[in-house]
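# Chain and residue survey
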Amino acid sequence: MTDLTPLRISATIELVTLAVLLTNMATLDAHTIAALTGPVHGFAWLYGVIATWRDPRSVRRHILLSAIPGIGGMLALRSLARADADAHTAAHAAATQSQP
């Protein structure tokens, strides 16, 4: 099982910065906020895609999910966690079945 903490941090930053950018657009439309938050959001998105791509359990579906702007990191994180749970359940079932 690979540690998902860096992806979890990246996905959270991606989601929070998206909320800040959308709130800024809907209210103040301040250029300074967009100039500071936009690059952070882009970096978090890119890091999430690369972290998902480098994960040994990652398949094409996980990578495509991570590439969705805004929520891709959270979707990939959820999908990878579900894959971990499925693998754990399958391993436990196989171990239980092999016992006399």
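Nothing here was measured: the structure is a model prediction, and the numbers come from that model.

Along the polypeptide, Ala 81 turns up in helix 4 (residues 72-98). Classification of Ala 81 by relative accessible area gives partly exposed; the value is 35%. Residues Ala 81 and His 92, spaced eleven residues apart in sequence, show a C-alpha to C-alpha distance of 16 Å.

Glancing now at the pattern of salt bridges. Taken as a whole and assessed by the stated rule, the structure comprises two salt bridges. The salt bridge partner of Asp 84 is Arg 57, with a shortest N-O separation of 2.4 Å. Highlighted residues: Asp 84 in helix 4 and Arg 57 in the loop between helix 2 (31-54) and helix 3 (60-66), separated in sequence by 27 residues. Three or more residues are tied together by salt bridges with common partners; here these are Asp 55, Arg 57 and Asp 84.

Time to look at the environment of Asp 55. By secondary structure assignment, the location of Asp 55 is in the loop between helix 2 and helix 3. Taking the relative accessible area as the measure of exposure, Asp 55 reaches 8% and is therefore buried. Along the chain, Asp 55 and Asp 84 lie 29 residues apart, while their C-alpha atoms are 12 Å from each other. One polar contact links Asp 55 to Arg 57, side chain to side chain, over a distance of 2.7 Å.

Within the chain, Asp 29 stands out as a residue other than glycine whose phi angle is a positive 55 degrees. Position of Asp 29 relative to the elements: it lies in the loop between helix 1 (5-26) and helix 2. A residue is classified by how much of its surface remains accessible, and Asp 29, at 56% relative accessible area, is exposed.

Procedures and definitions
Residues numbered from 1 in each chain as written. Predicted model: local features only at pLDDT ≥ 70, side-chain atom pairs only at ≥ 80, totals over all residues. Heavy atoms only, no water. Helix = DSSP H or I, 4+ residues; strand = E, 2+ residues; numbered from the N terminus. Buried < 20%, exposed > 50% of the residue type's maximum accessible area, 1.4 Å probe, protein only. Salt bridge = Lys/Arg side-chain N within 4 Å of Asp/Glu carboxyl O. Polar contact = N/O pair within 3.5 Å; in protein donor to acceptor, adjacent residues only side chain to side chain.

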